[in-house]
Amino acid sequence: MIDNAILIKQGAEARIYTAPFLTRTAIVKERFSKTYRHPILDKKLTAKRVTQEARCLFKCRKSGVDTPVLYFVDIENSTIYMEFVQGMIVKDLLVADNEYITNKKKQDELAKKIGIALARVHAVDVIHGDLTTSNLMLRESNQSLVVIDFGLSYISALPEDKAVDLYVLEKTFLSTHPNSEEMFADILEYYQKNYEASQGVLSKLAEVRLRGRKRSMVG
Amino acid sequence: MQSFTLELYPKRGQIHILLYKNVTNAADLRKRLLSHDQELSYAFINAKVVLDKFQLLVATNDAVHHEFHSSLKTHNVHSEIVYNLSPTTNISESLRRFGISDSSTSIVVVKVGGNAEEVRSHLSTLIHGDEADIKEFSSSADISNMKKYYKIDDGINDQKEMLDLIVGSIAIKSST
């Protein structure tokens, strides 16, 4: 680890640091080993997840979604170095920023940005895997919507997987942001307008809502 | 000239970056590189495909990382820098596009390790040309060729956005 790295967050999968990196400031995401797994299996799985995360992150960036810029992938140490994004987390805006809580126009603007970003992510068959309002940011410099944390991302063209992605976001909206049904409906509207294959996903979403995130394995 | 320290490999020594313009002996330098002349222990880069020092630092950090883990794809850390600048894994194509050609007149040099002043004075005996400020990178960049090499959409014209995508392509390549 870099000498001047500062630990800012510890999750179940990784530790997040900020550190100076090649004249810039980077976010350093280090996945740690799971001691309950066999060491050889753990090494293989961790390496695979690190590459997968970096690939999904960059695939989205290339297709016009604002994501942190990828700086360096250190497979040997299961660490990804990326841009430190200056901005606000969408969850905090919706919970604590009066402008967003009371102003319908502000909410609609944000819903539009989220809907378009999700449309672009899904258009290149990236499933984010952990879409919550904590993993969406607004960039300070230009108020662009930044999608972060691709730690659970994978590639899939299945409408089912995309629908579950949306369902997870809907759940966070309804559970952490009261009276946000309308805003989520707006997000879906912009998603639909900006993604050609959205029809299949949205009809799957209706199915997923009835049964929940996990597929029934009966029969 | 500017010198930098890689945060992850501070013991490897400083990274020196220099830019030369009006170079007249590129053909000679290239010939010596091809014959593995040990005196040319530098990365000689075509300045037309360099937008910013950050692009060079990311490629250099990758090269030093692979040197440390004994996973270099080319002969040495300096040729690896040139190879890493390219988003493709085709070595000869990468060296052709990002290395110098016989007709190059603007050349970027990256040196891993060594004393800054010794590097500069040694290079002044090797390169026939004028040293320029490395802030002048983008003025000599051939944007349309860079877009082609890095597969960047024609509609993207913002240089910062271009640099972000270039850096990402370099980083993603070394992870595969």
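Check the entry above for the structure.
These remarks concern the structure in this document. Bear in mind the structure is a predicted one, so any value in this text is a computation, not a measurement. (Residues numbered from 1 in each chain as written. Chains lettered and ligands numbered in written order. Predicted model: local features only at pLDDT ≥ 70, side-chain atom pairs only at ≥ 80, totals over all residues. Heavy atoms only, no water.)

A few words on the pattern of salt bridges. Here the structure, examined in full by the defined rule, presents 26 salt bridges over all chains. Across the pair Asp149(A) and Lys29(A) runs a salt bridge whose closest N-O atoms are separated by 2.9 Å. On the criterion of sequence distance, the pair formed by Asp149(A) in the loop between strand 9 (145-147) and strand 10 (154-155) and Lys29(A) in strand 3 (residues 24-31) is long-range, its members being 120 residues apart. By relative accessible area, Lys29(A) is classed as buried at 9%. Across the pair Lys160(B) and Asp164(B) runs a salt bridge, and its minimum N-O distance is 3.3 Å. Taken together, the residues span about one helical turn, with Lys160(B) and Asp164(B) both in helix 8 (residues 159-173) at a distance of 4 residues. Given a relative accessible area of 4%, Asp164(B) falls into the buried group. Residues joined in a network through salt bridges with shared partners are Arg61(A), Asp66(A), Glu83(A), Arg139(A), Lys160(B), Glu161(B) and Asp164(B). (Salt bridge = Lys/Arg side-chain N within 4 Å of Asp/Glu carboxyl O. Helix = DSSP H or I, 4+ residues; strand = E, 2+ residues; numbered from the N terminus. Buried < 20%, exposed > 50% of the residue type's maximum accessible area, 1.4 Å probe, protein only.)

This part takes up the packing of helix 6 (residues 181-194) of chain A against helix 7 (residues 198-211) of chain A. Geometry of a packed helix pair, given as the angle between the helix axes and the separation of the axes. All names here are of chain A. Look at helix 6 against helix 7: their axes get within 9 Å of each other, and the N-to-C directions meet at 150°. Considering the angle they form, helix 6 stands roughly antiparallel to helix 7. Facing Phe-184, Leu-188, Tyr-191 and Gln-192 of helix 6, the residues of helix 7 in contact are Ser-198, Gln-199, Val-201, Leu-202, Leu-205 and Arg-209. Here the residues of the contact of helix 6 with helix 7 sort into 6 nonpolar, 3 polar and 1 charged. (Axes fitted to C-alpha atoms, helices over the stretch in contact; angles between N-to-C directions. Parallel < 35°, antiparallel > 145°, perpendicular 65-115°, else oblique. Contact = heavy atoms within 4.5 Å. Nonpolar A, V, L, I, M, F, W, Y, C, P; charged D, E, K, R; others polar.)

On to the sheet that holds strand 4 (residues 70-74) of chain A. Residues and elements named next belong to chain A. Overall, antiparallel pairing links the 5 strands, which are arranged 1-2-3-5-4 in an open sheet. Of all the strands in the sheet, just strand 1 (6-10) and strand 4 have a single pairing partner and so form its edges. The sheet shows a mean angle of 20° between the axes of neighbouring strands, direction not considered. Pairing analysis gives 4 bridges linking strand 4 to strand 5 (residues 79-83), with the strands arranged antiparallel. Residue Asp-74 lies in a different strand from strand 5, and its bridge partner there is Thr-79. (Pairing = 2+ DSSP bridges.)

Moving on, we come to the interface of chain B and chain A. The partner chain A presents 22 residues to the 23 residues of chain B that form the contact. Carbon and sulfur atoms supply 66% of the area that chain B and chain A bury against each other, a total of about 2100 Å² over both sides. In this assembly, chain B and chain A are joined by 2 salt bridges. If you look at where chain B meets chain A, you find 6 residue pairs in polar contact (both at pLDDT 80 or more). (Buried area = accessible area lost by both parts, 1.4 Å probe. Polar contact = N/O pair within 3.5 Å; in protein donor to acceptor, adjacent residues only side chain to side chain.)

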